[in-house]
Each structure stands twice: as C-alpha cells, then as structure tokens.
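Given next are the chains, with one letter for each unit.
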Amino acid sequence: MIQLAIWDLLPAEFFVSGLASGAVQLPVSVTRCPAHQALELLLGGDVEVALLPTLDVLLHNDQVDALPAVALSSWKHPYARLVLRQGFLQVQALALDPRYAQEAFIAQVVLKEHYNQTPQPIAYEQATREELLAGDEDACLIVGNEAPTLQTHALVLDLGQEWYELVNYPMVWGLFAVRKGEGSPTLVKMLRRLAKAAELQRDVWAQARETVPELHAYFLENLRLRFDDLVMASLTEFREYLFYFQITDEVPDLPLYTIPEDEEDEEEDEDEVPLL
C-alpha cells in the first residue's frame, strides 16, 4: 500500500476524487494534512509520496525529489487572497500567518513587481481569518478553505491571477515529491492514473460541489493537474524570483526524478488503456 499525503484543501481533494468515486482502483492510502505539515510527514517516513508546496521542494532540494507526473497549478486561485484595506495608496505592513510561507513570498513578489510596494510582514501565529482581517495592518493575506467565502469592502487580489499576469504562466502551488533517491516509475504511474481518473470526472465532481459560481468555474477551467511545459516555465520564473528576492544564494535547482526511457515508453502504452 502506497502512503500518499495531500493537503486538506479542496483543490487537492479533487486530485484523489477518482479513489473516492471508485473510478480507479489503486493500492493507495491517503493522508490529509495542512500544506505546511506535508514535508515533515514525508521526511519523517510517515508517507512515501507527498504533495509539497513548491517552495518547500526548492528549499529542500537536497532532501526530496519531485516526480514528473502531476503538478497542482492554476491560472487563478481563490484559496489565496491578498486584502488591501487602503487599496494601493499605502501598503506598509502585511499581516500573515507564517505557516503559509509560499503564499507570503508570492504576495511580496506581486506587491513589489506589480505595484512597487514593499510592506513589512507582520506574523500572526496560527491566526484565523477573522484575526487577520481585524488587524491594523494595511493588508492581510488570507489562505485556505475559508478564503473563497471572504466578504469585504476592501480591495482583494487573487494571488494566482496576479502571478499569471506577472509571468504569463499558471502558478505551480504544489509538486508531488519523495525522499531523495526514492523515486520510481511505479509512483509516477500511480500519480498519473489518479490525475487521469480525476480529469475524466471533472464535470461531475464540480457539479457535486455546493459552491459559488466563481469556485465552480475555478474547478472546471482553472485548476490544472498536468506536469507540462507551462509548469516548467512557471517553475523557472519562481526559482529566479527566489534568487532575486535573496531567499536563496543562487537560483535553486529543481530536484526532478528522471524516468528511465524504457519505463517511460511502457507508461505511454499503458495510458491508452481506460481506467477502471
């Protein structure tokens, strides 16, 4: 049984929707956790594969390998929103939960590159949405399942859309990774079959969710599972911004597992077989 960790976030739940519906039968046990805990589960040996924030993969590229099978990306992302109380008049302080380091970094990049704003981040440890919104800071970062239902008269930016408008590629929120040197064609095949099963029932799955029209459109049109050239291009931009913003001393390498050529050919042949 393969132990797989995914985030307790609805977009991540879509990825394993084929298991719940019975559309695919695979020896996979799913563990759900907050995104910031996935790396700990993987490195601690609790799971074999984990959906990790892209930032975690790049900052720990000596400990993990990303699998070239599936990536969680999107053109928009209502699950990460930046609230600007004064609009763009002044953004001197940004309230955020430090557990969401990736979204905090993207917010800093977007504010600097798009709007020439460099706010001081103010950490609210394990803050609720209401606590962040109640702060005195000029802006706050809202991340998670409660972000899409945010109601406010302030200006709200979608971080996914802002990233797309900045680099012209979808934001890669997460990559599936294993511990260093533990990648295998079997794991790649498993992830691809899960993604294919989810794609085949995307319409049905979206229809079954009781969501606002914005979220319905997001699941139908914006959420991506492919690991393709758009993902690689976006990752290149992301890696370069990590260096430009002095998060890393150099442009970090992407630790990507390489599938043996004979296994890759076999995988392509098997993809022609319909899923259960």
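Quick caveat: nothing in here was measured; it's all calculated off a predicted structure.

**Brief notes about the pairing of strand β4 (residues 64-74)**
- Within β4, eleven of the eleven residues are buried, leaving the element largely enclosed by the surrounding structure.
- The pairing of β4 with strand β10 (residues 171-179) spans seven bridges and is classified as antiparallel. Within β10, the residue paired with Ser73 across the bridge is Val172.
- In this structure, β4 lies alongside strand β11 (residues 223-226), joined through three bridges in antiparallel fashion. Following the sheet pairing, Ser73 is matched in β11 by Arg224.

**Observations regarding a nonpolar patch on the surface**
- Taken together, the side chains of Phe243, Tyr244 and Val251 make up a nonpolar region of the molecular surface, amounting to roughly 270 Å² of accessible area.
- Inspection of the secondary structure puts Val251 in the loop between α11 (229-244) and α12 (261-270).
- By relative accessible area, Val251 is classed as partly exposed at 32%.

**So, the packing of aromatic side chains**
- In the structure shown here, the tally under the stated rule is 14 aromatic pairs.
- When the ring of Phe15 is compared with that of Phe176, the centres are 4.6 Å apart and the planes differ by 40 degrees; the resulting orientation is tilted. Here Phe176 lies in strand β10 and Phe15 lies in helix α1 (residues 10-15), a separation of 161 residues in the sequence. Note on accessibility: Phe15 and Phe176 belong to one class, buried.

Quick notes on the rules
Residues numbered from 1 in each chain as written. Predicted model: local features only at pLDDT ≥ 70, side-chain atom pairs only at ≥ 80, totals over all residues. Heavy atoms only, no water. Buried < 20%, exposed > 50% of the residue type's maximum accessible area, 1.4 Å probe, protein only. Helix = DSSP H or I, 4+ residues; strand = E, 2+ residues; numbered from the N terminus. Pairing = 2+ DSSP bridges. Patch = residues over 30% accessible without salt bridge, like charges linked within 9 Å, V, L, I, M, F, W, Y side chains within 5 Å. Areas by Shrake-Rupley, 256 points an atom, 1.4 Å probe, with all protein chains shown as cover. Salt bridge = Lys/Arg side-chain N within 4 Å of Asp/Glu carboxyl O. Phe/Tyr/Trp six-rings, centres within 6.5 Å; stacked < 30°, edge-to-face > 60°.

In short, the description is geometric, and any link to function would need to be established separately.
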